[in-house]
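Analysis of the macromolecular model
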Amino acid sequence: MPELPEVETVRRGLAAAMVGARFTRVDQRRPDLRFPFPKNFAARLKGRRVEGLRRRAKYLLADLDSADVLVMHLGMSGSFRIEGETDAKTPGAFHHARSKDPAHDHVAFHLSNGKSIIYNDPRRFGFMQIIARDKLGKHPLFRNVGVEPLGAEFDGAQLARLFAGRTAPLKTALSDQRLIAGLGNIYVCEALHRAGLSPRRPAGSLARKNGTPSPRAERLARAIREVLEEAVAAGGSSLRDYRQTNGDLGYFQHKFRVYDRAGEACTRPGCGGRVKRIVQSGRATFFCGTCQR
DNA sequence: AAGCGAACCTGGCTGC
DNA sequence: TGCAGCCAGGTTCGCT
């Protein structure tokens, strides 16, 4: 489900509810998600205060006062919701008009501020870990994670450098979390369309022979930054009932230009092409074969 | 080394 | 209505 904009949206929602609060009780309702929970998961969290909530790639990182970090990944279908809020501007009547199946509520974090944070994940591709803060960068989960596409250093030159010599198609290279961290199937397709580049183009073709970035590399880096920023501003994309932590839908899905729009007319002015669906590395790719070269 | 397909798991949708 | 088959926003593993 969630790519960088959705995880960032969740981070903002959760931060408002949990930073500064302590875990009074943690209910872990099954032994594993994608991986087993760490030993004594609930006990290690109980009594700890959340000092901050960060995002790295598609991971949420809750910094605890124990010098540990609670690491959370939402997989394909994970989501959080916040209960126990007595906020006048979010009356409960519409709060979760379509409530989640409680059978898939796997973890409940009860907080000292009276709120509870519930993790729901039907497919259980998500997972949680507790890692010592000073070991985070060397941990196998993070050791090989690529650059942040919203980071200050991300530009066409860095992109061309990362992709230099690669024969894999752009679609595959952009999806590789070891190179760039946070893009997924939707935003890869959207960024390539905005940049006018074919998902089948070899990734290495973004660099000139002398190693300097081509205008294509600059266009793609700009498109990536732009689509991610717009999506974060829109609260992410809501597919299949995905919601923000406050129950609101994101609305970036209405701005998709190619994703899940096979057969529709290309929206680029004057293009006149049609959106196609192909499969690359086992995943659907949506693009316009007319204006994306 | 790099790239590709399969696997993990459940639910929703399509078509017979 | 029922059921088989396919598809889904991610990641990892094992095989070329």
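Residues numbered from 1 in each chain as written. Chains lettered and ligands numbered in written order. Predicted model: local features only at pLDDT ≥ 70, side-chain atom pairs only at ≥ 80, totals over all residues. Heavy atoms only, no water.

Another point: unusual backbone geometry. Even without a glycine there, the phi angle at Asn-40 is positive, about 55 degrees. Structurally, Asn-40 can be placed in the loop between β1 (23–28) and α2 (41–45). One non-glycine residue, Ala-57, lies in positive phi territory at about 55 degrees. Looking at the element boundaries, Ala-57 is found in the loop between β2 (50–56) and β3 (59–64). Using a relative accessible area of 3% as the deciding quantity, one classes Ala-57 as buried. (Helix = DSSP H or I, 4+ residues; strand = E, 2+ residues; numbered from the N terminus. Buried < 20%, exposed > 50% of the residue type's maximum accessible area, 1.4 Å probe, protein only.)

Quick look at the protein's contact with DNA strand B now. Surveying the vicinity of DNA strand B reveals 13 residues, the closest of which are His-104, Pro-122, Arg-123, Arg-124 and Ala-168. When the atoms of DNA strand B within 4 Å of the protein are grouped by moiety, sugar and phosphate amount to 67% of the total. Residues that form the surface near DNA strand B fall into these classes: four nonpolar, five polar and four charged. (Near = heavy atom within 4 Å. Nonpolar A, V, L, I, M, F, W, Y, C, P; charged D, E, K, R; others polar.)

Attention now moves to helix α1 (residues 4–18). Taking 1.5 Å per residue as the helical rise, α1 with its 15 residues ought to reach 21 Å, and the 20 Å between its terminal C-alpha atoms agrees with that figure. The buried fraction of α1 amounts to 13 of the 15 residues, a majority that puts the element mostly inside the structure. Positive phi appears at Gly-20, one or two residues downstream of α1, with a value of about 95 degrees. (Expected span 1.5 Å × (residues − 1).)

The next subject is the pattern of salt bridges. With the rule as written, the count across this model stands at 20 salt bridges. Between Glu-148 and Arg-56 there is a salt bridge, and its shortest N-O distance comes to 3.0 Å. With Glu-148 in the loop between α3 (140–143) and α4 (156–163) and Arg-56 in strand β2, this pair connects stretches of sequence that are 92 residues apart. Classification of Arg-56 by relative accessible area gives partly exposed; the value is 25%. Within this structure, Glu-8, Arg-11, Arg-12, Arg-55, Arg-56 and Glu-148 form a network of salt bridges that share partners. (Salt bridge = Lys/Arg side-chain N within 4 Å of Asp/Glu carboxyl O.)

Moving on, we come to the pairing of β2. Of the strand pairs in this sheet, β2 and β3 are connected by six bridges, and their pairing is antiparallel. Paired with Gly-52 across the two strands is Asp-63, which belongs to β3. (Pairing = 2+ DSSP bridges.)

Bringing the sheet that holds β1 into the picture now. Strand order in the open sheet made by the four strands is β1-β6-β7-β5, with antiparallel pairing throughout. In this open sheet, the two edge strands, each paired with only one partner strand, are β1 and β5 (79–83). Strand after strand, the sheet turns through a mean of 15 degrees between neighbouring axes, direction not considered. Across five bridges, strand β6 (residues 105–111) lies against strand β7 (residues 116–120) in antiparallel orientation. Across the sheet, Phe-109 pairs through a bridge with Ile-117, a residue of β7. Against the sheet, α1 touches β1, β5, β6 and β7, its axis set at about 30 degrees to β5. (Axes fitted to C-alpha atoms, helices over the stretch in contact; angles between N-to-C directions. Contact = heavy atoms within 4.5 Å.)

Purely geometric stuff here, so don't read any function into it on its own.
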